[in-house]
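The residues making up each chain are set out below.
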Amino acid sequence: MLPEGYHMELVASEPMITEPVAIAWDGNARMYVAQMETYTQDADGTGTKDKKSRVMLLEDTNNDGKMDKSTVFIKDLMLPRMILCVNHELLVNETDTYDIFSYKDTNGDGVADERKPVYVLGKVAPGNLEHQRSGLDWNLDNYIYQTVDPIRFRYVGGVLKPDSLHSGSNGQWGLTHDNYGRLFYSRGGGENAGSGFQINPKYGALEFADAYSEETFSPVWSRISNPEVQGGPPRLRPDSTLNHFTSGNGQSIFRGDRLPADLVGDYLINEPVARIIRRAKVVNREGKTYLENVYDHKEFIASTDFFFRPVNTYTGPDGLLYIIDMNRGIIQESNWTKKGTFLRGKIDQFDIAKVNQRGRIWRLVHDGYKAGPKPKMLDVPAGSLVNYLDHLNGWWRDNAQKQLVILGDKSVVPVLKQMATGQKGAAVLGRLHALWTLEGLDEINKDILYSALNDTDPQMRRAGIWIGERYVKQDDSEFIARLGKLVDDANFDVKTQLILSLGASKNVLAKQIVQDVLAKNPTNQMLARAKTSIDKNEDAKVYGMKLGGFTPAERKLIVSGGEIYKGMCSPCHGGDGNGLPTNAAPALRVPSMSITTRSTPSEFYCMA
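Residues numbered from 1 in each chain as written. Predicted model: local features only at pLDDT ≥ 70, side-chain atom pairs only at ≥ 80, totals over all residues. Heavy atoms only, no water.

### As for the pairing of strand S7 (residues 89–94)
Along S7, six of the six residues are buried, which leaves the element largely enclosed by surrounding structure. The two faces of S7 match: Glu-89, Leu-91 and Asn-93 on one face and Leu-90, Val-92 and Glu-94 on the other face are all buried. Alignment of strand S6 (residues 80–86) against S7, held across six bridges, turns out to be antiparallel. Across the sheet, Leu-84 pairs through a bridge with Leu-91, a residue of S7. (Buried < 20%, exposed > 50% of the residue type's maximum accessible area, 1.4 Å probe, protein only. Helix = DSSP H or I, 4+ residues; strand = E, 2+ residues; numbered from the N terminus. Pairing = 2+ DSSP bridges.)

Here's what the structure looks like:
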């Protein structure tokens, strides 16, 4: 069921693809499909970790919107979960590892024949496969983000350079960004339909309980019964439809140009148990972001196909919305389908475990709109990419910026400066991408930023502050003073960015600017909480994520307790609380935990 005028077109299905979970397009719109081909092939999860999964390369050779050519780009993988195109290479992360490798086809046969590491820890990534990372989202700020793990990356010299997120990351399956670099996470396991969208995680963690209404946003509205729910009867209405988000995932902000304009900027998130896709408005009130359901007691897309299992959504190069549908019987991982559970009973009752090895990629179209042209961004001069920074389709803007940064061709810098400073007649999004492309090429200077700070659009002013943090860290009094002129800016996103960018500075003037913003807006919840998040993030840098969450008095008590333990208890119980080989005294905790000055009281105890 779709709103009037909308239709779904099939782009690819089995046998061309099976068990698709994520896609990525290269600069010429060739589509890579990550497939988890061993995912829950029966209710017991037999063979889940076998290395039999693949990444497929699909092409539409006649431009009719349907994939008609496919090759196995990579085979023998363990449940690939993150992919990102960088020029002619595909970055891939598999389940159970933090490592990321680059794959490249050097002879044009559509099969990867070159593999090299781009980020290697060499450690096993723990946790159920549903709770591991997703993403590799190249954001407006030229950082590549992922969920779960407290890290982000820069792509430099053909490798990923890590940057720590001191207060942790966010989310589970799905990560996206809007036109202005705001990230959107979700936590399906926590029955959460959206999180992490108030501030960038580099500044800390900030969530509001009322960012969406539990009463009106959390309920979902299926068109068919959904008896096989993990939560059992409490998660079902009397008509056996799901009553609440339980597996929100694969969210996106629609940023295309070939669907109705009122969809642009809307937040879309899947609920595969309910067989629906939610559409929400992203509402900004005095700097605080809210999600509000567009429809009352119904959904944007609600399927009557029992096996419709949407797990990811994307804005495509043709300006349309793409939906990844695993199209299978069991959607939950086998840890939650064990014998004796409510869910297993329903799986066996309806005999749905055998419905697998399928998959659909759909695109959403609308009457009166035609798909956009196919891009050609690979193997072209950098100068030919600059105009795409001002394209109406966000996919083109993002990929032009990414390609320009990867190429590193400084010959485009003069025209980028003209575009960023408003001399080329570019729209605000074109100016914004030009500005961030200059940042990615390390060609920013204060004159460019001063122009951004004077721009008529608040998102340009916000970006000028954000990028200008390099000068704040250098204690540049001239630049900090220029930021002080924005204290009375009419836009709360600008004021919030002042708090975020200056809030951790030790500079006296920077501190005064922050205090002035707070004093002049005493009732603004966003500004106050942003400062609190910055303070906690700074504590986390010094003390670690665990101790960083405590007050100074609590930290002092915990650290003192740790010192007492080391002096009085460790000779018998061991420095890590796990006991000694002599068994002179019992272990005080499970072996996987270790005692340091970053431990919390709940993690260890000492009887002396």
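### Remarks on the packing of aromatic side chains
Per the counting criterion, the structure on display carries 17 aromatic pairs. Both rings, one in Tyr-6 and one in Phe-300, keep their centres 5.4 Å apart while their planes meet at 85°; by these two values the pair is edge-to-face. Note that Tyr-6 is positioned in strand S1 (residues 6–13) and Phe-300 in the loop between strand S20 (288–293) and strand S21 (301–302), a separation of 294 residues in sequence. The burial state of Tyr-6 is the same as that of Phe-300; both residues are buried. (Phe/Tyr/Trp six-rings, centres within 6.5 Å; stacked < 30°, edge-to-face > 60°.)

### Section: the sheet that holds strand S14 (residues 176–177)
With antiparallel pairing, three strands are arranged side by side in an open sheet as S14-S15-S16. Looking along the sheet, the strands with just one partner apiece sit at the ends: S14 and strand S16 (192–195). In terms of strand pairing, strand S15 (residues 183–187) meets S16 through two bridges, oriented antiparallel. Residue pairing for S16: Arg-187 is matched across the bridge by Asn-192.

### A closer look at the sheet that holds strand S23 (residues 321–325)
Paired through their backbone hydrogen bonds, the strands of a sheet run either parallel or antiparallel. Ordered in space as S1-S24-S23-S22, the four strands form an open sheet in which the pairing is antiparallel. With partners counted over all chains shown, the strands left at the sheet margins are S1 and strand S22 (310–315), one partner each. When strand polarity is set aside, the average angle formed by the axes of neighbouring strands in this sheet is 25°. Relative to S23, S22 runs antiparallel, the two sharing five bridges. (Axes fitted to C-alpha atoms, helices over the stretch in contact; angles between N-to-C directions.)

### As for the packing of helix H8 (residues 477–484) against helix H10 (residues 508–520)
Axis angle and axis distance: for two packed helices, these are the angle between their axes and the distance between the axes, and together they describe the pair. At their nearest, the axes of H8 and H10 sit 9 Å apart, and the two run at 10° to each other. Accordingly, the angle class assigned to the pair H8 and H10 is roughly parallel. Where H8 approaches H10, its residues Ser-477, Ile-480, Ala-481, Leu-483 and Gly-484 are matched on the opposing element by Leu-509, Ala-510 and Ile-513. Here the contact of H8 with H10 is built from residues that sort into six nonpolar, two polar and no charged. (Parallel < 35°, antiparallel > 145°, perpendicular 65-115°, else oblique. Contact = heavy atoms within 4.5 Å. Nonpolar A, V, L, I, M, F, W, Y, C, P; charged D, E, K, R; others polar.)

### Overview of the nonpolar core
Side chains of a nonpolar character, in soluble globular proteins, are inclined to be buried together. With 137 residues, the main nonpolar core has Met-31, Ile-361 and Leu-435 as its most contacted residues. In terms of residue count, the dominant contributor to this core is helix H4 (residues 428–440) (seven residues). If we skip the residues at most four places from it in the chain, Met-31 touches Val-11, Ile-23, Ala-24, Trp-25, Met-56, Leu-57, Leu-58, Met-67, Tyr-322 and Ile-361. In this structure, Met-82, Leu-84, Trp-138 and Ile-144 belong to the second largest nonpolar core, which totals 15 residues. (Core = buried A, V, L, I, M, F, W, Y, C linked by side-chain atoms within 4.5 Å.)

### Some words on the side chain of Asn-507
Relative to the elements of secondary structure, Asn-507 occurs in the loop between helix H9 (492–502) and H10. A relative accessible area of 10% means that Asn-507 is categorised as buried. With sequence-adjacent residues up to four places away left out, Asn-507 is seen in contact with Asp-475, Ser-477 and Ile-480.

### Brief notes about the pattern of salt bridges
According to the stated counting rule, one finds 40 salt bridges in the structure shown. The salt bridge involving Arg-279 is made with Asp-266; its shortest N-O contact spans 2.6 Å. With Arg-279 in strand S19 (residues 276–285) and Asp-266 in the loop between strand S17 (249–253) and strand S18 (267–271), this residue pair connects regions lying 13 residues apart in the sequence. When its relative accessible area of 2% is taken as the criterion, Asp-266 is described as buried. (Salt bridge = Lys/Arg side-chain N within 4 Å of Asp/Glu carboxyl O.)

### Notes on the packing of helix H5 (residues 446–453) against H8
Where H5 meets H8, the axes come as close as 11 Å, and the angle between the chain directions of the two elements is 5°. Accordingly, the angle class assigned to the pair H5 and H8 is roughly parallel. Taken together, the residues of H8 that come into contact with H5 (itself represented by Lys-446, Leu-449, Tyr-450 and Leu-453) are Glu-478, Phe-479, Arg-482 and Leu-483.

### Description of H10
Given a rise of 1.5 Å per residue, 13 residues ought to cover 18 Å, and the 18 Å separating the end C-alpha atoms of H10 matches this to within 8%. The complete set of buried residues in H10 reads Ala-510, Ile-513, Val-514 and Val-517. All buried residues of H10 project into a common sector of 95° when viewed along the axis, lining one side. With respect to the buried face of H10, the exposed residues turned more than 90 degrees away are Val-508 and Ala-519. The distance from a side-chain oxygen at the start of H10 to the backbone nitrogen of Leu-509 is 2.8 Å, and the residue carrying that oxygen is Asn-507. (Expected span 1.5 Å × (residues − 1). Arc of directions from axis to C-beta. Polar contact = N/O pair within 3.5 Å; in protein donor to acceptor, adjacent residues only side chain to side chain.)

### Quick look at H4
Relative to the 18 Å expected for 13 residues at 1.5 Å per residue, H4 spans 18 Å between its end C-alpha atoms, a close match to the ideal helical length. A large share of H4 lies buried, amounting to 12 of its 13 residues. In this fold, the buried residues of H4 make contact with strand S12 (151–156), helix H2 (394–407), helix H3 (413–420), H5, helix H6 (458–467) and helix H7 (469–473). Just downstream of H4 lies Asp-442, where phi reads positive at about 60°.

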